[in-house]
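Remarks on the overall topology
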There are 2 protein chains.
Amino acid sequence: MTRGMTVSELVRRARDGQPRALGRLISLVEDGSPSLAEVAASLAPHTGRAQVVGLTGPPGVGKSTSTSALVKALRASGRRVGVLAVDPSSPFSGGALLGDRVRMQEHATDDGVFIRSMATRGHLGGLAWSTPQALRVLDAAGFDVVLIETVGVGQSEVDVVSLADTTLVLLAPGMGDGIQAAKAGILEVADVFVVNKADREGADQTVRELKYMISLGRREKEGPSWRTPIVRTVAARSEGVDEVVAAIAGHRDWMVEHGELDARRVRRAENEIQAVTAARLRAEMGELRGGAVLEKLARRVVDGRSDPYSAAEELITELRG
Amino acid sequence: MTRGMTVSELVRRARDGQPRALGRLISLVEDGSPSLAEVAASLAPHTGRAQVVGLTGPPGVGKSTSTSALVKALRASGRRVGVLAVDPSSPFSGGALLGDRVRMQEHATDDGVFIRSMATRGHLGGLAWSTPQALRVLDAAGFDVVLIETVGVGQSEVDVVSLADTTLVLLAPGMGDGIQAAKAGILEVADVFVVNKADREGADQTVRELKYMISLGRREKEGPSWRTPIVRTVAARSEGVDEVVAAIAGHRDWMVEHGELDARRVRRAENEIQAVTAARLRAEMGELRGGAVLEKLARRVVDGRSDPYSAAEELITELRG
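Now for a description of the structure that goes with this document. Since the structure is predicted, the reported quantities are computational estimates derived from the model, not experimental observations.

1. Brief notes about the sheet that holds strand S1 (residues 51-56) of chain B
All names here are of chain B. One open sheet accounts for seven strands, arranged S3-S2-S4-S1-S5-S6-S7; its pairing is parallel. Sheet topology places strand S3 (113-118) and strand S7 (230-232) at the edges, where each strand pairs with a single neighbour. On average, each strand axis in the sheet is inclined to that of its neighbour by 20°, with strand direction left out of account. Both strand S6 (residues 192-195) and S7 contribute to a ladder of three bridges, which runs parallel. Within S7, the position partnered with Val 194 by the bridge is Val 231. Packed onto the sheet, helix H11 (residues 241-257) meets S1, strand S5 (166-171), S6 and S7 and runs at close to 145° relative to S5.

Structure, rendered in structure tokens:
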């Protein structure tokens, strides 16, 4: 029960397309509410239908504009679209919130679009915890596509990107050395490269560099491999956005054909189960004999009589006790 | 054994002040080497002496310059200083590496200074895992002060900052709304506020806003509370840096007097033990019956016949099996 409404009633309303019920459910999972397990169980039968698209790239490449243009293109083909905007730096910049409001306005009258900023500073492990739960809410509520937009590719962003069926990496001309430095990082996660602001000088060079990187990466892989496409866009004028939508569809078809979509989703579920389990065990560790076990071990580490690894051994023995 | 040298020999050389041995030890802990437990055990008796200072703030406030000025001031008083430069966005920007080299040069001939950039994209949980280990290496090697410099205050940075005895939050004039938006986030972690670029217009207003925020925060707390000082600096000209050093010393004295230093370090060790334990249990989960248990549970979640919470329950039962 939450504020007089049962979880199943909330889920029913969210599936009916009521944005308030959606927002309440996402808040419940973000806050680690006691009804989390009940919410998860109520959502489960309705999940697995949404196509999940990740969108990342360095600051300044036009991620918000691209997300907005993608939403428009997807809506034009009649699909309902959820957006999770993840900005790990938001406590300082406040940027996500502002950008969010601006975008909210643009789609305010369209109930086929739902946009949500993800808080990064929650308990329970932050984004890596809350984003998969919010994704399950939108999936169960019947959104055809969920876009997860993140800033940069730090560890937490990579965790978030790993939720996606298809990941778009956005770049823009004139980043030169940045692309070189980022080689390893972006090759790993990109299913589709988007060179935005493609009307600017240097776009050809950026595409050339990407092609070279892709050719290097392909040689290292085994088995049938996806040929990562490079799409040029000018998102502010919606140029090339239909090609991005086509590239996403192409990647999905390829994944289905090669059993990769299913494999990714099983991997994603494995990670999620492990994360939930680890969080629960971590809480249990802290509560062993009212916290006394952990405190005693920590005291010995502080005094230099033990170290975190030996202490972990002892803690595991106690947990099994 | 690593490349023909025993761990205890490496630790001996690091404690002798040999930077290569130091670097090798940090690489060992970053990479999750099999000798990790042995390294931790060898370091333990020598740990607990270093003063750990965290330094964070939004981009553009002059964190690198401030770190460099602090290092100089601390060296002038004869203390050995280690720096761990943490930049979660580095895969794209390459900034940490470059900044690191520039700073390395400045202190290249001084063997009382050791500077290391922390890789963020490692296995095992990234920064939250590797930074505490690197800190233990520098502590055991006899550095009097270890500065941990991070960018922004996303979740992983907050985890890192939580390692510090004293945390400096840097701001600069003209950030206006940014400070308002950041209220909750920075009040939580700051032990000392530093307003850098204090010769610029707007410095007085920044200080006023901070004072107001501090007064709000204090009302919410119980017990004897530290009066968070605000220090003005122009780090590029080393102005005000001695006052920062004094504020750090003042905070340390206050913590010792109120038992807070010990309390923080026990809390830090508790977190570290829990993180190591969780990582080990997580690995165990993945290996139950060659991975078959986790895969079966994940398959049921993907098919909508279960959810991550129910699956976690089952996994815990199996782990206890």
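2. Brief notes about the pattern of salt bridges
Residues and elements named next belong to chain B. A complete count under the given rule lists 36 salt bridges over all chains for this structure. In this structure, Arg 232 engages Asp 204 in a salt bridge whose closest nitrogen and oxygen atoms are separated by 2.8 Å. Highlighted residues: Arg 232 in strand S7 and Asp 204 in helix H10 (residues 203-220), separated in sequence by 28 residues. For Arg 232, a relative accessible area of 39% corresponds to the partly exposed category. On the accessibility criterion, Asp 204 (46% relative accessible area) is partly exposed.

3. Some thoughts on the environment of Gly 62 of chain B
Residue and element names in this part refer to chain B. You can see Gly 62 is positioned in the loop between S1 and helix H4 (63-76). For the pair Gly 62 and Val 234, spaced 172 residues apart in sequence, the C-alpha separation works out to 9.3 Å. Setting aside residues no more than four positions away along its own chain, Gly 62 makes contact with Leu 170, Asn 196 and Lys 197.

4. Observations regarding the pairing of S6 of chain B
Residue and element names in this part refer to chain B. Where burial is concerned, the two faces of S6 agree: the one with Val 192 and Val 194 and the one with Phe 193 and Val 195 are both buried. Where S5 lies against S6, four bridges are found, and the strand directions are parallel. Directly across from Val 169, in S6, lies its bridge partner Phe 193.

5. A few points about the packing of helix H12 (residues 260-287) of chain A against helix H12 (residues 260-287) of chain B
Remark: H12 of chain A packs on H12 of chain B, axes separated minimally by 9 Å, with the N-to-C direction vectors making an angle of 140°. When the interaxial angle is binned, H12 of chain A and H12 of chain B end up oblique. Where H12 of chain A crosses over H12 of chain B, the two elements pack in a sense that is right-handed. Between H12 of chain A, through Asn 271, Gln 274, Ala 275, Thr 277, Ala 278, Leu 281, Arg 282, Met 285 and Gly 286 of chain A, and H12 of chain B, the contact on the second element is made entirely by Asn 271, Gln 274, Ala 275, Thr 277, Ala 278, Leu 281, Arg 282, Met 285 and Gly 286 of chain B. Across the contact of H12 of chain A with H12 of chain B, the residue classes tally to eight nonpolar, eight polar and two charged.

6. Focus: the side chain of Gln 274 of chain B
Tracing the sequence through the fold places Gln 274 of chain B in helix H12. According to the relative accessible area criterion, Gln 274 of chain B is buried, its value standing at 10%. Every residue in contact with Gln 274 of chain B, bar those within four places of it in the chain, is listed here: Arg 282, Met 285, Gly 286 and Leu 294 of chain A.

7. Here's the deal with H12 of chain A
If you check H12 of chain A, its first and last C-alpha atoms are 41 Å apart, about what 28 residues at 1.5 Å a residue would give, namely 40 Å. Arg 289 of chain A occupies a position one or two residues after H12 of chain A and carries a positive phi of about 45°.

8. Some remarks on the packing of aromatic side chains
Residue and element names in this part refer to chain A. In total, this model carries four aromatic pairs over all chains according to the counting rule given. Ring centres of Trp 226 and Trp 254 lie 5.8 Å apart, and the angle between their planes is 55°; this geometry places the pair in the tilted category. Here the residue Trp 226 occupies a position in the loop between helix H10 (203-220) and strand S7 (230-232), and Trp 254 occupies one in helix H11 (residues 241-257), the gap between them amounting to 28 residues. The class for Trp 226 is buried, based on a relative accessible area of 18%. Its relative accessible area of 18% is what places Trp 254 among the buried residues. Taking NZ or CZ as reference, Arg 80 lies 4.3 Å from the ring centre of Phe 143, over its face.

Criteria and cut-off values
Residue indices begin from 1 for each chain and proceed along its sequence in written order. Chains and ligands are labelled sequentially in the order written, the chains with letters from A and the ligands with numbers from 1. Reporting of local features is limited, given that this is a predicted model, to residues whose pLDDT is at least 70; pairs of side-chain atoms are given and counted only at 80 or more, and all residues count toward the totals for whole chains, interfaces and linings. Side-chain calculation: all heavy atoms of the structure are included, whereas hydrogens and water are not. A pair of strands is labelled paired if DSSP reports no fewer than 2 bridges between them. Only DSSP runs of H or I covering at least 4 residues are called helices, and only runs of E covering at least 2 are called strands; the numbering of each starts at the N terminus. Angles shown run from 0 to 180 degrees and are taken between the N-to-C directions of axes, each axis being a line fitted to C-alpha atoms and, for helices, limited to the stretch in contact. Here a residue-residue contact requires only that any non-hydrogen atoms of the pair lie within 4.5 Å. The salt bridge criterion pairs a side-chain nitrogen of Lys or Arg with a carboxyl oxygen of Asp or Glu, the two atoms within 4 Å. For each residue, the accessible area found with a 1.4 Å probe, counting protein chains only, is set against the maximum for its type, and the residue is called buried under 20%, exposed over 50%, and partly exposed in between. For this classification, under 35 degrees means roughly parallel, over 145 means roughly antiparallel, 65 to 115 means roughly perpendicular, and everything else is oblique. Handedness of each helix crossing follows the sense of rotation of the near helix against the far helix: counterclockwise by less than a right angle gives left-handed, clockwise gives right-handed. Charged residues are taken to be Asp, Glu, Lys and Arg, nonpolar residues to be Ala, Val, Leu, Ile, Met, Phe, Trp, Tyr, Cys and Pro, and polar residues to be all remaining types, Gly included. The span one expects for a helix is its residue count, reduced by one, times 1.5 Å. Between rings of Phe, Tyr and Trp, where Trp is taken as its six-membered ring, a pair exists when centres lie within 6.5 Å; planes separated by under 30 degrees are stacked, by over 60 edge-to-face, and by other angles tilted. Geometrically, a lysine NZ or arginine CZ counts as sitting over a ring once it is within 6 Å of the ring centre and also within 35 degrees of the ring normal.

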